[in-house]
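This is what each chain is made of:
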Amino acid sequence: MGHKGEGSSDMPVEKQYATDFFTAEENVEPVPGDNELHRALKARHITMIAIGGAIGTGLIIGTGSALAKAGPASILISYSIVGFIVYLVMCGLGEMAAWLPLSSGFTGYAVRFCDPALGFALGWTYWFKYIIVTPNQLTAGALVISYWIHPDRVNAGVWITVFLVLIVTINYFGVRFFGEFEFWLSSFKVIVILGIILLSFILMLGGGPDHDRKGFRYWKDPGAFNTYIDDGAAGRFYAFWATMVSATFAYLGTELVGVTVGEAENPRKTIPRAIKLTFFRIVVFYVVSVLLVGTLVPYNSKELIFATNQSSSAAASPFVVAVQLAGIPVLPHILNACILLFVFSAANSDLYIATRTIYGLSKEGKAPSFLSKTDSRGVPVYALILCSSIACIAYMNVSSDSKTVFRYFVDLVTIFGLLTWISLLVTHIYFVRARQAQNVPLSDLAYRAPLGTPGSYAALVFCILICLTKSYDCFTHNKKWGNFDYKTFITAYLGIPLYLILIFGYKLATRCKGVNPYEADLWTGKDVVDREEEAYYRRRAMMEEKHEKAGWFYRKFLSWLF
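Residues numbered from 1 in each chain as written. Predicted model: local features only at pLDDT ≥ 70, side-chain atom pairs only at ≥ 80, totals over all residues. Heavy atoms only, no water.

The chain goes by Amino acid permease/ SLC12A domain-containing protein in an unreviewed UniProt entry, where it is assigned to Aspergillus carbonarius. If you open the UniProt record of the chain and go to Subcellular location (unreviewed entry), you find "Membrane". (UniProt positions renumbered as here; feature names shortened; annotations may be inferred.)

As structure tokens, then:
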């Protein structure tokens, strides 16, 4: 039977499935030269990384391809639906992370509460996602620069090299430097996206130089729904469902808070706060911005790079196109430069997550041991070298069209992201089962998912549905769209057999079994976190004495946010 008290002293240390970070760390001798990750990410770092981390390629550029394919109403509906699913995923993750913050991230939760095979598959799937999304961001950077300099003049490989060198350098300087850099960059991203939303609202009401009160004009002409594959209602539905890929891609990265717990200061407080902010971020940054850009840019605009075969003078972002159409001079260039910075920030944080994910797998014995070696600053250097090397697949741009490469990367990243969400939802369901089996009272939880397991079940069904049908168009055959698209099929569905091979291959190799909810390890390492939390609050109390001298505005607003 499970333990009903925290940090119970008679609990067996050795467990069949205890291969997560804490147990592995206790049962193996440290490798000479090894150092642990440093808890150098402060509350303000975690908060801003959570807010700004997902403001990147998916929202700023991915909406352009979705708008061109499906129309403004379709993307509003799809972004709203997927946004709610993301919120349910984050709530489940938040409940587990607030109970027991593991340095191994959510792979450790899958190992402890569900099945070691699921933890193995989840860890590698998540790593696959981030080693693909990093070159995808570099591709997006080259796509954004094509607004000023056509690839015929300067090859995309030049810009990819510049970005890659910069992000590797930033990640090499250690987590404290990375956290501070991402904090200010994410703060800038939040200010810019809020400015874009305000500007879009003003332009919608006719406040631009052209004084054209657009309102919802483009919802009537050319229309709120574009057609895809077929005409009429069926074509509009096909177009809407095709945007589920873009919507999912836009939200990927929201769950990265679960990876930062190993380097977060007082994770029990910062993680739930970041997850509560997720709902407001989804509504403001995604739903509102998608609604507004759909009123300013018709889906057949010639200035939109995804709606035309001509890439010269066309913008990758619909937000830049909106400013262009309003006739505002210079601002499109400034906005495009800001978007380039967004993409750079996203590439930087994606390389960080890829490095920390393979580090966690190595610490658990699920990847080569040398990948868990860190230097004196707590940087897993060998993991960083590996992930940086794989990011070089972005050089596919050198001989191919950036739009095509971008689309393939989006398909690959989306399937791995969906499989990650599915694994997290399954893990949360098993966590609740274990918690109930071991009679852990709800009052002991630092954070509880508002919709509980019913919410996780609903999100799980929807994720599986999107996973299986997201690239249905590669199977279509008609005069307009042609035959079976094998390239799209491979990039869209490669992740599913790979995921199943990882799960069943691990089970065959290790003969592991699923975790019994009555025996699930809810406690190992919890006493360590409890002591860290007590020490944090003691330091916090001393700091609050100093803050009493600060103004009311700082105490009520700025100190809460940062």
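Okay, back to it.
K.L.:
Is there a simple way to think about the overall build of the chain in this case?
P.N.:
For the chain, the helix and strand inventory stands at 19 helices and zero strands. Of all 562 residues assigned to the chain, the portion counted as buried reaches 60%. A separation of at least 24 residues holds for 82% of the contacts in the chain among residues at least 6 apart in sequence. (Helix = DSSP H or I, 4+ residues; strand = E, 2+ residues; numbered from the N terminus. Buried < 20%, exposed > 50% of the residue type's maximum accessible area, 1.4 Å probe, protein only. Contact = heavy atoms within 4.5 Å.)

K.L.:
It is not clear to me how a nonpolar patch on the surface should be interpreted in this structure. Could you clarify?
P.N.:
Residues Leu194, Phe279, Phe280, Val283, Val284 and Val288 make up a contiguous nonpolar surface patch of about 480 Å² in total accessible area. Looking at the nonpolar patch, the element that brings in the most residues is helix H10 (residues 267–296), giving five residues. (Patch = residues over 30% accessible without salt bridge, like charges linked within 9 Å, V, L, I, M, F, W, Y side chains within 5 Å. Areas by Shrake-Rupley, 256 points an atom, 1.4 Å probe, with all protein chains shown as cover. Salt bridge = Lys/Arg side-chain N within 4 Å of Asp/Glu carboxyl O.)

K.L.:
How do you make sense of the packing of helix H6 (residues 116–145) against helix H12 (residues 331–363) when you look at a structure like this?
P.N.:
Packed helix pairs are specified by the crossing angle of their axes together with the interaxial distance, meaning the distance between the axes. Between H6 and H12, the shortest axis-to-axis distance is 8 Å and the interhelical angle comes to 160°. The angle between H6 and H12 falls in the class roughly antiparallel. Between H6 and H12 lies a crossing whose hand is left-handed. For the contact of H6 with H12, the per-class residue count stands at 20 nonpolar, six polar and one charged. (Axes fitted to C-alpha atoms, helices over the stretch in contact; angles between N-to-C directions. Parallel < 35°, antiparallel > 145°, perpendicular 65-115°, else oblique. Left-handed = near helix turned anticlockwise from the far one by under 90°. Nonpolar A, V, L, I, M, F, W, Y, C, P; charged D, E, K, R; others polar.)

K.L.:
In this structure, what is going on with unusual backbone geometry? I would like to understand it.
P.N.:
Leaving glycine aside, a negative phi is the common case for residues, and trans is the common case for peptide bonds. Residue Asp221 is joined to Pro222 through a cis peptide bond whose omega torsion reads 15°. Within the element layout of this structure, Pro222 appears in the loop between helix H8 (175–204) and helix H9 (232–251). Here Arg511, not a glycine, exhibits a phi torsion of approximately 60°, which is positive. Examined against the element boundaries, Arg511 turns out to sit in the loop between helix H17 (495–510) and helix H18 (526–547).

K.L.:
Looking at this structure, I do not really get the pattern of salt bridges. What am I missing?
P.N.:
Any two side chains of opposite charge can pair, on the condition that their charged atoms come close. Counting across every chain of the model gives six salt bridges. Between Arg217 and Asp212 there is a salt bridge whose closest N-O contact spans 2.4 Å. What makes Arg217 partly exposed here is its relative accessible area of 35%.

K.L.:
Would you mind going over the environment of Phe431 with me for this structure?
P.N.:
Among the secondary structure elements, Phe431 is positioned in helix H14 (residues 402–437). Taking C-alpha positions, Phe431 is 8.7 Å from Arg112, a pair spaced 319 residues apart along the chain. Dropping the residues within four chain positions of it, Phe431 is found in contact with Glu95, Met96, Trp99, Phe113 and Leu522.

K.L.:
What's the story with the environment of Arg213 in this structure? I'm lost.
P.N.:
Counting through the fold element by element, Arg213 comes out in the loop between H8 and H9. Sequence spacing of Arg213 and Leu296 is 83 residues, and the spatial spacing of their C-alpha atoms is 9.9 Å. A distance of 3.3 Å separates the side chain of Arg213 from the backbone oxygen of Leu205, its partner in a polar contact. (Polar contact = N/O pair within 3.5 Å; in protein donor to acceptor, adjacent residues only side chain to side chain.)

K.L.:
How should I be thinking about helix H7 (residues 156–172) in this particular structure?
P.N.:
Three- or four-residue spacings in an α-helix give side chains the same orientation, since the helix completes a turn every 3.6 residues. Here H7 is 17 residues long and its end C-alpha atoms lie 25 Å apart, about the 24 Å a rise of 1.5 Å per residue gives. Here H7 has its buried residues at Ala156, Gly157, Ile160, Phe163, Leu164, Ile167, Ile170 and Asn171. On an axial view of H7, the arc spanned by its buried residues comes to 155°, and they lie on one face. Backbone nitrogen of Gly157 and a side-chain oxygen of the N-cap are separated by 2.8 Å at the start of H7; the cap is Asn155. (Expected span 1.5 Å × (residues − 1). Arc of directions from axis to C-beta.)

K.L.:
Would you explain the packing of aromatic side chains in this entry?
P.N.:
Following the criterion strictly, the structure yields 23 aromatic pairs and no others. Consider the rings of Tyr109 and Phe113, whose centres lie 6.0 Å apart with planes at 15°: the pair is stacked. Taken as a pair, Tyr109 and Phe113 lie in helix H5 (residues 106–113) at a separation of four residues, close to a single helical turn. As far as the burial class goes, Tyr109 and Phe113 line up, both buried. Seen from their ring centres, Phe120 and Tyr506 are 4.6 Å apart, and the 20° between their planes marks the pair as stacked. On the criterion of sequence distance, the pair formed by Phe120 in helix H6 and Tyr506 in helix H17 is long-range, its members being 386 residues apart. The same class applies to Phe120 and to Tyr506, which are both buried. (Phe/Tyr/Trp six-rings, centres within 6.5 Å; stacked < 30°, edge-to-face > 60°.)

K.L.:
I'm lost on the environment of Ala156 in this one. Help?
P.N.:
Inspection of the secondary structure puts Ala156 in helix H7. Each C-alpha atom of the pair Ala156 and Asn397 lies 6.3 Å from the other, and the pair is 241 residues apart in sequence. For Ala156, the contacting residues outside a window of four places in its chain are Ala142 and Asn397.

K.L.:
Would you mind going over the confidence of the model for the chain with me for this structure?
P.N.:
Regions with low pLDDT should not have their predicted coordinates read in detail. Looking at the chain, pLDDT values average 80 and 81% of them are 70 or higher. Below pLDDT 50 for its whole length, residues 1–33 participates in 66 contacts with residues either more than four positions away or in separate chains. (pLDDT = per-residue confidence, 0-100.)

K.L.:
I keep staring at the state of the cysteines and nothing clicks. Help me out?
P.N.:
Such a bond, covalent and formed between the sulfur atoms of two cysteines, is termed a disulfide. Scanning all chains against the criterion turns up zero disulfides. Sulfur of Cys463: no disulfide; nearest cysteine sulfur belongs to Cys467 and is 8.2 Å away. Residue class for Cys463 comes out buried when judged on its relative accessible area of 1%. (Disulfide = S-S within 2.5 Å.)

K.L.:
Please explain the packing of H12 against helix H13 (residues 381–390) as it appears in this structure.
P.N.:
Axis separation between H12 and H13 bottoms out at 9 Å; the angle between their running directions is 125°. As far as their axial angle goes, H13 and H12 are oblique. Judged by the twist between their axes, the crossing of H12 over H13 is right-handed. From H12, Leu351, Ala354, Thr355 and Ile358 reach across to H13, where they touch Ala383, Leu384, Cys387 and Ser388.

K.L.:
Please clarify how the side chain of Ser317 should be interpreted in this entry.
P.N.:
Position of Ser317 relative to the elements: it lies in the loop between H10 and helix H11 (318–325). A polar contact is formed between the side chain of Ser317 and the backbone oxygen of Ile60, at a distance of 2.9 Å. Here the side chain of Ser317 touches Phe319 through a polar contact of 3.2 Å, landing on its backbone nitrogen. Once you skip the residues sitting within four places of it in the chain, Ser317 turns out to touch Ile60, Leu304 and Ile339.

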